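Below, each chain spelled out in residue letters.
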Amino acid sequence: MKDSMQKKLKLKVSAIKEGTVIDHIPAKNLFKVITILGLDKIENQITFGTNLESRKLGGKAIIKVSNKFFEDNEINKIALIAPHAKLNIIRDYEVVEKRIVETPEIIKGIVKCFNPKCITNNETITTSFQVIENEPVALKCHYCERITTEEQIRVL
Ligand code: CTP
Ligand code: ZN
């Protein structure tokens, strides 16, 4: 696709003045990203677009959160389901910084263990996983040692 066409596609979601643009989210995981970042619980203006064309991802989504700047530990939580996400920090309409997400080695909370018999599914214990595979992601439960694969990930 031509560059000019690409730019037009991007403009389907209008530019923001201050805040964070999270780009290159796999379209199928858009709502999981929203939940993980708690975007459903904040008052900031949020716009998003989904099923936008992307050569790499098939269909991508983009989220723009006005007046919000994330901490690394907050944003790295989405690495599980959006490993290629790119963050653009916007100040006065300009992209002043680009950041990529990094998959943490240990994940505490956020996801459910896939094993229904796991203690974390039966008592009030925070889940804890070791990330044993990155793409696609595989998580090993600290309690029952069961592997939860990418398709099996359920956000708590
Ligand atoms: N953006 C925005 N509001 C602004 C500036 C940029 O919403 N005031 C968005 C753009 O629409 C784009 C993203 O932030 O989705 C990154 O902007 P830019 O770096 O200009 O685009 P590209 O160079 O195409 O970025 P990349 O190739 O890194 O994806
Ligand atoms: Zn478990």
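None of the values given here were measured: they were computed from a predicted structure.

(A) Quick look at the pairing of strand S4 (residues 86–91). Both strand S1 (residues 19–26) and S4 contribute to a ladder of 5 bridges, which runs antiparallel. The residue bridging aspartate 23 from the neighbouring strand is lysine 86, located in S4. Examined bridge by bridge, S4 and strand S5 (residues 94–100) share 6 bridges and lie antiparallel to one another. Considered in S5, the bridge of isoleucine 89 is made with glutamate 97.

(B) Broad picture of the coordination of the zinc ion (ligand 2). Protein-derived coordination of the zinc ion (ligand 2) comes from Cys113 (SG), Cys118 (SG), Cys141 (SG) and Cys144 (SG), at a distance range of 2.3 Å. Relative to the metal, the 4 donor atoms surrounding the zinc ion (ligand 2) lie at angles of 100 to 115°, and the coordination shape comes out tetrahedral. For the zinc ion (ligand 2), the single-chain donor residues occur in sequence as C-x4-C-x22-C-x2-C. Look at cysteine 141 and you get buried, because its relative accessible area is 3%.

(C) Highlighting the nonpolar core. Ranked by size, the top nonpolar core spans 32 residues in total, and within it Ile22, Ile63, Ile78 and Leu139 carry the most contacts. Shared between two domains, this core holds at least three residues of each, these being domain 1 (2–100) and domain 2 (106–152). With near-sequence residues (within four places) excluded, isoleucine 63 lies in contact with Thr20, Val21, Ile22, Ile25, Leu30, Val33, Ile34, Leu39, Ile46, Thr47 and Phe48. Core analysis: the next-biggest nonpolar cluster, separate from the first, contains 6 residues, Ile16, Leu52, Ile62 and Ile90 among them.

(D) Quick look at the side chain of aspartate 23. Among the structural elements, aspartate 23 can be located in strand S1. Aspartate 23 sits in the buried class, given a relative accessible area of 8%. Among the polar contacts made by the side chain of aspartate 23, one reaches the side chain of lysine 60 at a distance of 2.7 Å. For aspartate 23, the contacting residues outside a window of four places in its chain are Lys60, Ala61, Ile62, His84, Ala85, Lys86 and Asn88.

(E) Inspection of the packing of aromatic side chains at higher detail. Enumeration over the complete set of coordinates arrives at 1 aromatic pair. Measuring from ring centre to ring centre gives 5.8 Å for phenylalanine 31 and phenylalanine 48, while their planes differ by 85°; the resulting arrangement is edge-to-face. Within this pair, whereas phenylalanine 31 is found in helix H2 (residues 30–36), its partner phenylalanine 48 is found in strand S2 (residues 46–54), the two being separated by 17 residues in sequence. Here phenylalanine 31 falls in the exposed class, since its relative accessible area comes to 53%. Classification of phenylalanine 48 as partly exposed rests on a relative accessible area of 40%.

(F) Structural view of the environment of threonine 127. Considering the arrangement of structural elements, one finds threonine 127 in the loop between strand S6 (106–108) and strand S7 (128–134). For the pair formed by threonine 127 and lysine 77, sequence separation is 50 residues and the distance between their alpha carbons is 14 Å. Ignoring sequence-local partners within four residues, the contact set of threonine 127 consists of Ile107, Lys108, Gly109, Val111, Lys112, Cys113, Thr120 and Leu156.

Calculation criteria
- Residues numbered from 1 in each chain as written.
- Chains lettered and ligands numbered in written order.
- Predicted model: local features only at pLDDT ≥ 70, side-chain atom pairs only at ≥ 80, totals over all residues.
- Heavy atoms only, no water.
- Pairing = 2+ DSSP bridges.
- Helix = DSSP H or I, 4+ residues; strand = E, 2+ residues; numbered from the N terminus.
- Donors = N, O, S within 2.8 Å, 3.2 Å for Na, K, Ca; no water.
- Tetrahedral: all angles 85-135°; square planar, octahedral: opposite > 155°, others 65-115°.
- Buried < 20%, exposed > 50% of the residue type's maximum accessible area, 1.4 Å probe, protein only.
- Core = buried A, V, L, I, M, F, W, Y, C linked by side-chain atoms within 4.5 Å.
- Domains from an automatic or database assignment.
- Contact = heavy atoms within 4.5 Å.
- Polar contact = N/O pair within 3.5 Å; in protein donor to acceptor, adjacent residues only side chain to side chain.
- Phe/Tyr/Trp six-rings, centres within 6.5 Å; stacked < 30°, edge-to-face > 60°.

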